[in-house]
Number of protein chains: 2
Amino acid sequence: MKTRTGNGSPGLSVWLRLMKAYNLILREARHSVEPSLTLPQFDVMAQLSRRPEGVTFVDLSRSLLVSPGNLTGIVRRLEGEGLVAREAHESDRRAARLRLTAAGRRKMSALLPRHARDIARLFSPMPRGEVAQLRRLLGNLTHLLEPAPPAVTAVARKPGGGTP
Amino acid sequence: MKTRTGNGSPGLSVWLRLMKAYNLILREARHSVEPSLTLPQFDVMAQLSRRPEGVTFVDLSRSLLVSPGNLTGIVRRLEGEGLVAREAHESDRRAARLRLTAAGRRKMSALLPRHARDIARLFSPMPRGEVAQLRRLLGNLTHLLEPAPPAVTAVARKPGGGTP
DNA sequence: GCACGATGCTTTAGATTTAAAGCATCCTCT
DNA sequence: AGAGGATGCTTTAAATCTAAAGCATCGTGC
């Protein structure tokens, strides 16, 4: 008998705890941006405020890990609120270039610091060293989980690769 | 400007990585139980298989961290599939007592090992020591995030002054 | 008894979510 | 050029998900 304290494998146990921590923080994060925005809307706008040059749906889909079809609805509502605008992509007529409007930037100027403060407060009772360790280990984990990058050497570029 | 390499506070950075890891694992977990069940349905049934004595909606709501109204629909579909049944609670006519049916237990006997294996595989490239550390740190974090238990001492809290 | 707040579950409205199908456009190869 | 496959976005169907309102029941205090 190795470990008989009610946990199957260490990995599964990590997943269960990760789920719990995620959901607990998620609640706080939601309340931190409501009722001004929903959390998914905030996530989209936070990405846009990091990239003033504009972002396509596919970029957003990859960085936020949500399906493209999902973004259609979220962005549509943000456009309706006048917080996000889409321009034509200069070299690809299929693609859109999403940006924050002035009103969107204004709103994020107010929300981003508040959100950062609220999240930071959740971790404040945890010792600094542990937070740093957790950060490092989660970095390792995501690195292992993410699909290996396409190995862009000088030889082969991806055929049909629009945005490598 | 003190903007380091894209990091505000350590806590916020942990949250961002936690989100990423969660979503990456979530995808695998979903594919691990589909198309037999959806992941929320699996989560409900996994709870039920741990507690053969039966569970109420409120119990489920608290252990899975989802809203009670949400469970209504999930359980209704599982009942429709014949995987879950509800009995009358013996001492509280409002409450329900949810249990797996024989078919539900059969299904979980097949799904649980597969799911555990699939999740464990995700962590297999990570050194054992790191997995153990991550498990410990996430445990600490969850403890800090969870609301303190009601502190059932000799004094009964709630003499009617809840939120009038 | 019995009023009255608390609790357990359901319903409702609106937003998110995915997978899959569909359309327009792009890119490469012949 | 033109065919054929890949990409970018939207639409659709079905399931989650939350917050809030609603209903029935419980439990306590008067």
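Note that the structure is a prediction, hence the values are computed from the model and not measured.

Caption draft 1: Structural context of the environment of Arg17(B). Along the chain, Arg17(B) falls in helix 1 (residues 10-33). Sequence-distant contacts of Arg17(B), defined by excluding residues within four places in its chain, comprise Arg135(A), Leu138(A), Gly139(A) and Thr142(A).

Caption draft 2: Region of interest: the interface of chain B and chain A. Each partner contributes to the interface: chain B provides 39 residues, whereas chain A provides 39 residues. Every element with two or more residues in the side of chain B that touches chain A is listed here: helix 1, helix 5 (102-123) and helix 6 (128-145) of chain B. In terms of residue class, the side of chain B that touches chain A is built from 25 nonpolar, nine polar and five charged.

Caption draft 3: The protein's contact with DNA strand D, seen in detail. In the vicinity of DNA strand D, 26 residues are found, and the nearest of them are Phe57(A), Gly69(A), Thr38(B), Gly69(B) and Asn70(B). Ranked by residues supplied to the surface near DNA strand D, first place goes to helix 4 (residues 68-80) of chain B with five residues. The residue inventory of the surface near DNA strand D, partitioned by class, reads eight nonpolar, 12 polar and six charged.

Caption draft 4: Quick look at the confidence of the model for chain A. Per-residue confidence for chain A gives a mean pLDDT of 87; residues scoring 70 or more make up 85%. Segment residues 150-164 of chain A is flagged for pLDDT under 50; beyond a separation of four residues in sequence, or across chains, it makes six contacts in the model.

Caption draft 5: Structural view of the packing of helix 6 (residues 128-145) of chain A against helix 6 of chain B. Where helix 6 of chain A contacts helix 6 of chain B, the two axes come as close as 10 Å, and the packing angle between them is 130°. Relative to helix 6 of chain B, the element helix 6 of chain A lies oblique. Here helix 6 of chain A and helix 6 of chain B pass one another in a crossing that is left-handed. Contact residues: helix 6 of chain A offers Glu130(A), Gln133(A), Leu134(A), Leu137(A), Asn140(A) and Leu141(A), while helix 6 of chain B offers Glu130(B), Gln133(B), Leu134(B), Leu137(B), Asn140(B) and Leu141(B). Here the residues of the contact of helix 6 of chain A with helix 6 of chain B are counted per class, giving six nonpolar, four polar and two charged.

Caption draft 6: Up close: the environment of Ser91(A). Residues and elements named next belong to chain A. Tracing the sequence through the fold places Ser91 in the loop between strand 1 (84-88) and strand 2 (96-100). Taking the number of C-beta atoms within 10 Å as the measure of exposure, Ser91 has 7 and is therefore exposed. As a C-alpha pair, Ser91 and Ser9 span 82 residues in sequence and 50 Å in three-dimensional space.

Caption draft 7: Seen up close, the packing of helix 2 (residues 39-50) of chain B against helix 4 of chain B. All names here are of chain B. Following both chains from N to C, one finds helix 2 and helix 4 inclined at 80°, their axes separated by 10 Å at the closest point. By the angle between their directions, the pair helix 2 and helix 4 is classed as roughly perpendicular. Side by side, helix 2 and helix 4 meet where Pro40, Gln41, Val44 and Met45 of the first sit next to Ile74, Val75, Arg77 and Leu78 of the second. Taken together, the residues that form the contact of helix 2 with helix 4 break down as six nonpolar, one polar and one charged.

Caption draft 8: Seen up close, the nonpolar core. Core analysis: the largest hydrophobic core is formed by 46 residues, its most contacted members being Leu18(A), Met45(A) and Leu18(B). With eight residues, the top contributor of residues to this core is helix 1 (residues 10-33) of chain A. Apart from the residues within four sequence positions on either side, Leu18(B) is in contact with Ala21(A), Tyr22(A), Ile25(A) and Leu138(A). Counting 14 residues, the second largest nonpolar core, distinct from the first, contains Leu37(B), Leu48(B), Leu60(B) and Val75(B).

The rules we used
- Residues numbered from 1 in each chain as written.
- Chains lettered and ligands numbered in written order.
- Predicted model: local features only at pLDDT ≥ 70, side-chain atom pairs only at ≥ 80, totals over all residues.
- Helix = DSSP H or I, 4+ residues; strand = E, 2+ residues; numbered from the N terminus.
- Contact = placed C-beta atoms within 7 Å.
- Nonpolar A, V, L, I, M, F, W, Y, C, P; charged D, E, K, R; others polar.
- Near = placed C-beta within 6 Å.
- pLDDT = per-residue confidence, 0-100.
- Axes fitted to C-alpha atoms, helices over the stretch in contact; angles between N-to-C directions.
- Parallel < 35°, antiparallel > 145°, perpendicular 65-115°, else oblique.
- Left-handed = near helix turned anticlockwise from the far one by under 90°.
- Buried ≥ 20, exposed ≤ 12 C-beta atoms within 10 Å, placed from the backbone.
- Core = buried A, V, L, I, M, F, W, Y, C linked by C-beta atoms within 7 Å.

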